[in-house]
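Coordinate analysis (summary)
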Amino acid sequence: MATRIDKEACREAYNLVRDDNTEINWAAFKYDGPMIVPAGHGTDYEEFKSLCTEDGRLFGFVRITTGDAMSKRAKFTLITWIGENVSGLQRAKISTDKSLVKDIVQNFAKEFMVSDPRELEEDYLRTELKKAGGANYDAQAE
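For the protein, an unreviewed UniProt entry supplies the name Coactosin-like protein and the organism Umbra pygmaea. Of the protein, the UniProt comment under Sequence similarities (unreviewed entry) reads exactly: "Belongs to the actin-binding proteins ADF family. Coactosin subfamily." Turning to the protein, the UniProt annotation filed under Subunit (unreviewed entry) states: "Interacts with 5-lipoxygenase (ALOX5/5LO) in a calcium-independent manner. Binds to F-actin with a stoichiometry of 1:2."

**Quick look at the overall build of the protein**
Per the secondary structure count, the protein includes four helices and six strands. Mapped in sequence order, the helices and strands of the protein form the string β-α-β-β-α-β-β-α-β-α. The C-alpha atoms of the protein give a radius of gyration of 15 Å, which matches the 14 Å a tight globule of 142 residues would have. Counting over 142 residues, the protein shows a buried share of 38%. Look at the contacts in the protein between residues 6 or more apart in sequence, and 60% of them connect residues 24 or more apart. Per element, the accessible surface of the protein, about 8000 Å² overall, is 46% carbon and sulfur.

**So, the packing of aromatic side chains**
Applying the stated criterion across every chain, the model contains six aromatic pairs. With centroids separated by 6.3 Å and ring planes inclined at 40°, the aromatic side chains of Tyr31 and Phe59 adopt a geometry described as tilted. Linking Tyr31 in strand β2 (residues 26-32) with Phe59 in strand β4 (residues 57-67), this pair joins segments that are 28 residues apart in sequence. Of the residues examined, Phe59 reaches a relative accessible area of 0% and is grouped as buried. The rings of Tyr14, Phe61 and Phe76 are connected pair by pair, giving a single aromatic cluster. One cation-aromatic arrangement involves Arg18 over Phe76; the distance from NZ or CZ to the ring centre is 4.7 Å. Taking the ring centre of Tyr31 as reference, the NZ or CZ of Arg57 above it sits at 3.7 Å.

**Structural notes on the side chain of Thr3**
Following the sequence through the fold, Thr3 ends up in the segment before β1 (4-5). The class of Thr3 is buried, set by a relative accessible area of 13%. Polar contacts involving the side chain of Thr3 include one to the side chain of Asp97, which spans 3.1 Å. Contacts of Thr3, omitting those with residues within four sequence positions, involve Tyr31, Pro34, Ile36, Lys93, Asp97 and Leu100.

**Examining the pairing of β2**
Taking burial as the measure, the seven residues of β2 include five buried ones, the bulk of the element. Hairpin connection between β2 and strand β3 (residues 35-42): a loop of two residues separates the two successive antiparallel strands, and Gly33 in this loop has a positive phi of roughly 65°.

**Structural notes on helix α3 (residues 88-102)**
Across its 15 residues, α3 extends 22 Å between first and last C-alpha, which sits within 8% of the 21 Å expected from 1.5 Å per residue. Within the span of α3, buried status applies to Ile94, Asp97, Lys98 and Val101. On the buried face of α3, the contacting elements are β1, β2, β3, β4, β5 (72-82) and β6 (110-114).

**What about the sheet that holds β4?**
One open sheet holds the six strands; their spatial order is β1-β3-β2-β4-β5-β6, and the pairing between them is mixed. The open sheet has two free edges, formed respectively by β1 and β6, since each of these has just one partner strand. When β5 meets β6, the two strands line up parallel, connected through five bridges. Looking at the pairing, Thr80 lines up with Met113 of β6.

So, how was this worked out
- Residues numbered from 1 in each chain as written.
- Predicted model: local features only at pLDDT ≥ 70, side-chain atom pairs only at ≥ 80, totals over all residues.
- Heavy atoms only, no water.
- UniProt positions renumbered as here; feature names shortened; annotations may be inferred.
- Helix = DSSP H or I, 4+ residues; strand = E, 2+ residues; numbered from the N terminus.
- Rg over C-alpha atoms; globule rule 2.2 N^0.38 Å.
- Buried < 20%, exposed > 50% of the residue type's maximum accessible area, 1.4 Å probe, protein only.
- Contact = heavy atoms within 4.5 Å.
- Areas by Shrake-Rupley, 256 points an atom, 1.4 Å probe, with all protein chains shown as cover.
- Phe/Tyr/Trp six-rings, centres within 6.5 Å; stacked < 30°, edge-to-face > 60°.
- Lys NZ or Arg CZ within 6 Å of the ring centre and 35° of its normal.
- Polar contact = N/O pair within 3.5 Å; in protein donor to acceptor, adjacent residues only side chain to side chain.
- Pairing = 2+ DSSP bridges.
- Expected span 1.5 Å × (residues − 1).

The structure is reproduced here in structure tokens:
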């Protein structure tokens, strides 16, 4: 059966993360049978990480604040989580299903495909986003 996505519900969660007037900094999208639906959103990144289980597969849209003493800005990332115990068929399917998510989650600086929990560490993501962002002026004294 072809995978579908609940566009309205997922778009609402995506917009909550993008909205500068909310504290929400992540939204997750999971499989519910053949449908991709919101799995939650929140302000605590550790809560998002707890959704990334060895048997699970999901997509995450995360806001991370980067910058230096002179300038802080929000950067967004799309994370595709594939747990270590996910079958080969489901691993392959998530790659094609990602296009459904990208129809909604369109603005992000960097994309990650992750199956190692260490790659979910916020500092690791922040470092990778800085690399993707170009000029880095962190060497200046604060």
